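# Examination of the molecular architecture
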Amino acid sequence: MTGYRVSDVMTRQVVYLPAETTLDEAAAVMREADIGDVVVTDGASLAGMLTDRDIVVRAVAERANPSTTTIGSITTREVVMIEQHATAGEAAALMRERGIRRVLVCDSDRKLVGIVSLGDLAMQLDPQSALSEISEQSPTV
């Protein structure tokens, strides 16, 4: 696992949406792009990350109206980042320590360059694992 760098396994496609975006708009973007997360912005600033799980757990379970509820109101505000040259093992350890499945990836200037997920790590490091099979079936794991 230590031979791979985060930059080798990360997803470079990062989709940004403003905090004012409604849940239904965000869900449509995620479906069309076949992704499970978007980066939420507040003007020029990074406000957090929204995942498909956030929509289900925080919005649907609370019966929020998807056409009027904004993503900014349910976004995970804690932003966890890792440098792109960190090892895949370091990324996995960070996810385990924080209890998260995705980490934003930055360059040495702290500019966002990608996202690495638990599924990305599994697909690269052990393509035959059960987690990899699940990730292939559901890209939003």
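Anything mentioned here points back to the structure above.
Numbers given to residues run from 1 along each chain, matching the order in which its sequence is written. The predicted nature of this model means local features are confined to residues of pLDDT at least 70 and side-chain atom pairs, given and counted, to a pLDDT of 80 or more, with totals for whole chains, interfaces and linings taken over all residues. The side-chain values count all of the structure's non-hydrogen atoms but skip hydrogen atoms and water molecules.

### Comments concerning the overall build of the protein chain
The test is simple: Helical segments are the DSSP runs of H or I of at least four residues, strand segments are the runs of E of at least two, and each set is numbered from the N terminus. Relative accessibility under 20% of the residue-type maximum defines a buried residue, over 50% an exposed one, and the middle range a partly exposed one, all with a 1.4 Å probe and only protein chains included. By the convention used here, residues are in contact when the closest approach between their heavy atoms is within 4.5 Å. The method behind every accessible area is Shrake-Rupley, applied with a 1.4 Å probe, and residues are considered shielded solely by the protein chains displayed.
Secondary structure assignment for the protein chain yields six helices and six strands. Secondary structure elements in the protein chain, listed N-terminal to C-terminal, are α-β-α-β-β-α-β-α-β-β-α-α. For the protein chain, buried positions account for 44% of its 141 residues. For the protein chain, the share of sequence-separated contacts (at least 6 apart) that also reach a separation of at least 24 residues comes to 54%. Just so you have it, the protein chain exposes about 7,800 Å², and 49% of that area is on carbon and sulfur atoms.

### With respect to the sheet that holds strand β5 (residues 102-106)
Sheet strands pair by backbone hydrogen bonding; their relative direction is either parallel or antiparallel. Definition in use: By definition, two strands form a pair when at least two bridges between them are found by DSSP. Angles run from 0 to 180 degrees between N-to-C directions of axes, and those axes are lines fitted to C-alpha atoms, restricted for helices to the stretch in contact.
On the basis of which strands lie adjacent, the open sheet formed by three strands has the order β4-β5-β6 and mixed pairing. The open sheet has two edge strands with one neighbour each: β4 (81-83) and β6 (112-117). Averaged over all adjacent pairs, the angle separating strand axes in this sheet is 35°, with direction ignored. Relative to β5, β4 runs parallel, the two sharing three bridges. Within β5, the residue paired with I82 across the bridge is V105. Strands β4, β5 and β6 of the sheet are contacted by helix α4 (residues 88-98), whose axis makes an angle of about 165° with β4.

### Topic: helix α3 (residues 52-60)
Put simply, the rule reads: The arc in question is the one traced by the directions running from the helix axis out to the C-beta atoms.
Considered for burial, the residues of α3 that qualify are D54, I55 and A59. One face of α3 carries all of its buried residues, which in axial projection span an arc of 100°. The outward face of α3, more than 90 degrees from its buried face, is lined by the exposed residues R53 and V60. Those residues of α3 that are buried are in contact with α2 (23-33) and β3 (45-51).

### Quick word on the sheet that holds strand β2 (residues 37-42)
Taken in spatial order, the three strands of this open sheet run β1-β2-β3, and their pairing is mixed. Because the sheet does not close on itself, it has two edges, and the strands there are β1 (16-18) and β3. Pairs of neighbouring strands in the sheet enclose a mean axial angle of 35°, with direction left out of account. Bridging between β2 and β3 involves six bridges; their strand directions are antiparallel. Bridge pairing links D37 to T51 in β3. Here α2 sits on the sheet in contact with β1, β2 and β3, set at roughly 70° to β3.

### Comments concerning the pattern of salt bridges
The condition is simple: A side-chain nitrogen of Lys or Arg and a carboxyl oxygen of Asp or Glu constitute a salt bridge if their distance falls within 4 Å.
In the structure shown here, the tally under the stated rule is four salt bridges. Three or more residues are tied together by salt bridges with common partners; here these are D37, D52 and R102.

### A word on the environment of A88
Looking at where A88 falls in the secondary structure, it is placed in helix α4. On the accessibility criterion, A88 (0% relative accessible area) is buried. Measuring from C-alpha to C-alpha, the distance between A88 and L118 comes to 10.0 Å, with 30 residues separating the pair along the chain.

### Overview of the side chain of R102
The criterion, for reference: Here a polar contact means two N or O atoms within 3.5 Å. Within protein one must be a hydrogen donor candidate and the other an acceptor candidate, and residues neighboring in sequence count only if both atoms are side-chain atoms.
The residue R102 is located in strand β5 in this model. Within the structure, R102 has its side chain in polar contact with the backbone oxygen of G36 (distance 3.5 Å). Of the polar contacts made by the side chain of R102, one reaches the side chain of D37; its length is 2.6 Å.

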